[in-house]
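Fold and contact review
For reference, the chains in residue letters:
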Amino acid sequence: MRDPPLPPYLDRGDGHNRCCQRRFWCIADVCGVLCVLITWLLIGYAEYVVMMILLSWPHSVMRGIHLVLYNTLTVLAFSSHARTMLTDPGAVPRGNATKEHMQWITSQEGGVVYKCPKCWSIKPERAHHCSVCQRCIRKMDHHCPWVNNCVGENNQKFFVLFTFYIASISVHALILAVNQFVSCFHTEWKECSIHTPPATVILLLFLIFEGALFGIFTLVMLCSQVQAIWTDETVSGRGIEALKGEEVRWRRQQRWKSMRAVFGRTWHHWFSPFTRPVLSGGGGGLRHVYPV
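Here's what I pulled together on the structure shown here.

Thresholds, definitions, all that
Residues numbered from 1 in each chain as written. Predicted model: local features only at pLDDT ≥ 70, side-chain atom pairs only at ≥ 80, totals over all residues. Heavy atoms only, no water. Phe/Tyr/Trp six-rings, centres within 6.5 Å; stacked < 30°, edge-to-face > 60°. Helix = DSSP H or I, 4+ residues; strand = E, 2+ residues; numbered from the N terminus. Buried < 20%, exposed > 50% of the residue type's maximum accessible area, 1.4 Å probe, protein only. Salt bridge = Lys/Arg side-chain N within 4 Å of Asp/Glu carboxyl O. Patch = residues over 30% accessible without salt bridge, like charges linked within 9 Å, V, L, I, M, F, W, Y side chains within 5 Å. Areas by Shrake-Rupley, 256 points an atom, 1.4 Å probe, with all protein chains shown as cover. Polar contact = N/O pair within 3.5 Å; in protein donor to acceptor, adjacent residues only side chain to side chain. 1 Å grid on protein atoms, 1.4 Å probe; cavity = no way out; pocket = protein on both sides within 12 Å on 5 of 7 lines; lining within 4 Å. Points joined across faces, edges and corners; volume = space filled by probe spheres on them. Nonpolar A, V, L, I, M, F, W, Y, C, P; charged D, E, K, R; others polar. Contact = heavy atoms within 4.5 Å. Axes fitted to C-alpha atoms, helices over the stretch in contact; angles between N-to-C directions. Parallel < 35°, antiparallel > 145°, perpendicular 65-115°, else oblique. Left-handed = near helix turned anticlockwise from the far one by under 90°.

1. Details of the packing of aromatic side chains
In the structure shown here, the tally under the stated rule is five aromatic pairs. Residues Trp 40 and Phe 78 carry aromatic rings whose centres are separated by 5.5 Å and whose planes lie at 45 degrees to one another, so their mutual orientation is tilted. Here Trp 40, found in helix H1 (residues 30-54), pairs with Phe 78, found in helix H2 (residues 61-86); they are 38 residues apart in sequence, far enough to count as distant. Looking at Trp 40, the relative accessible area reads 32%, which means it is partly exposed.

2. Let's talk about the pattern of salt bridges
For the coordinates displayed, the defined rule picks out two salt bridges. Where Glu 153 meets Arg 138, a salt bridge forms, and the shortest distance between an N and an O atom there is 2.8 Å. With Glu 153 in the loop between strand S8 (149-151) and helix H4 (156-186) and Arg 138 in the loop between strand S6 (135-137) and strand S7 (142-144), this residue pair connects regions lying 15 residues apart in the sequence.

3. Description of a nonpolar patch on the surface
Taken together, the side chains of Val 33, Leu 37, Trp 40 and Phe 78 make up a nonpolar region of the molecular surface, amounting to roughly 350 Å² of accessible area. If you tally residues by element for the nonpolar patch, the top one is H1, at three residues. With respect to the element layout, Val 33 can be found in helix H1.

4. Focus on unusual backbone geometry
Phi at Cys 20 takes a positive value of approximately 55 degrees, unusual for a residue other than glycine. Tracing the sequence through the fold places Cys 20 in the loop between strand S1 (18-19) and strand S2 (24-25).

5. Quick look at the side chain of Asn 17
Looking at the element boundaries, Asn 17 is found in the segment before S1. A distance of 2.7 Å separates a polar side-chain atom of Asn 17 from the backbone oxygen of Cys 133.

6. Some remarks on the layout of surface pockets
By volume, the second largest pocket is sized at about 330 Å³. If you go around the second largest pocket, you meet 23 residues; those closest to its centre are Thr 39, Phe 162, Ile 166, Phe 214 and Thr 218. Those elements that place two or more of their residues in the lining of the second largest pocket are H1, S7, H4 and helix H5 (197-230). Residues of the lining of the second largest pocket, tallied by class, amount to 16 nonpolar, six polar and one charged.

7. Section: the side chain of Ser 80
Locating Ser 80 in the fold gives a position in helix H2. From its side chain, Ser 80 meets the backbone oxygen of Leu 76 in a polar contact 2.8 Å long. Aside from chain neighbours lying at most four places away, what touches Ser 80 is Phe 158, Leu 161, Phe 162, Tyr 165 and Pro 273.

8. Focus on the packing of H1 against H5
One way to put it is that H1 packs onto H5 with a least axis distance of 10 Å and a crossing angle of 130 degrees. In terms of axis orientation, H1 runs oblique to H5. Every pair of crossing elements has a handedness; the one defined by H1 and H5 is left-handed. Here H1 contributes Leu 42, Ile 43, Tyr 45, Ala 46, Val 49, Val 50, Ile 53 and Leu 54 to the contact with H5, which in turn contributes Thr 200, Ile 202, Leu 203, Leu 204, Phe 206, Leu 207, Glu 210 and Phe 214.

Structure, rendered in structure tokens:
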């Protein structure tokens, strides 16, 4: 007697969008790779200005505190960005919408089974097709070029942490840069940094512009993400569903359960990009049919 086909979320034979012997998720998108390099360049620029100009004053307790705090936040921001970029966002295997597969899922779970006409996969609830990833993504929020990946069920935590830590270092660098400007007005500009006064002014002005721009942008994104998780929705999913005229068929989780489903059960894991919550099929978006 032949065994029944594996459920879609257990089928790991598809190596599409994977690299390093399928260990990491990676998207071969030129625009996305360029945005990632720009992101790393901006983080590196802020690190250089903060270390070489803003924290170049004599050794003291406050300098040590700022040094440890800023570098810790920078490492966490970079780690969150890498985890968001290299984590499978919840892609549904391509080409699994075979007749046998669909009949087996219908008999096991009951309901209506939908398939995506673009990647020919069985389309779970709250899954949408991404034209860049060329896959259906479970609980897809949006495709972000700055992380060169979709934000979905498996990596939403890392994306939220990325926006949180980028906003934190932006505000921190902005405060230090403004304080440096005020201090340099009352002292000799030559004593403010190892660079010439014109170079110091240009570096500080660009850092202030970068900190203000990305601080505001990431804070807005962070608030919208947290609100969407709190209400068990997706930011762009609401627009996609409204555009397609789809009705809400899933049962929303309680607000606290929705937060724990994304960030983890224990609070000390919430702010760590090195841990991920254990996904379960109970309301976490892993069902594969639309119930009748």
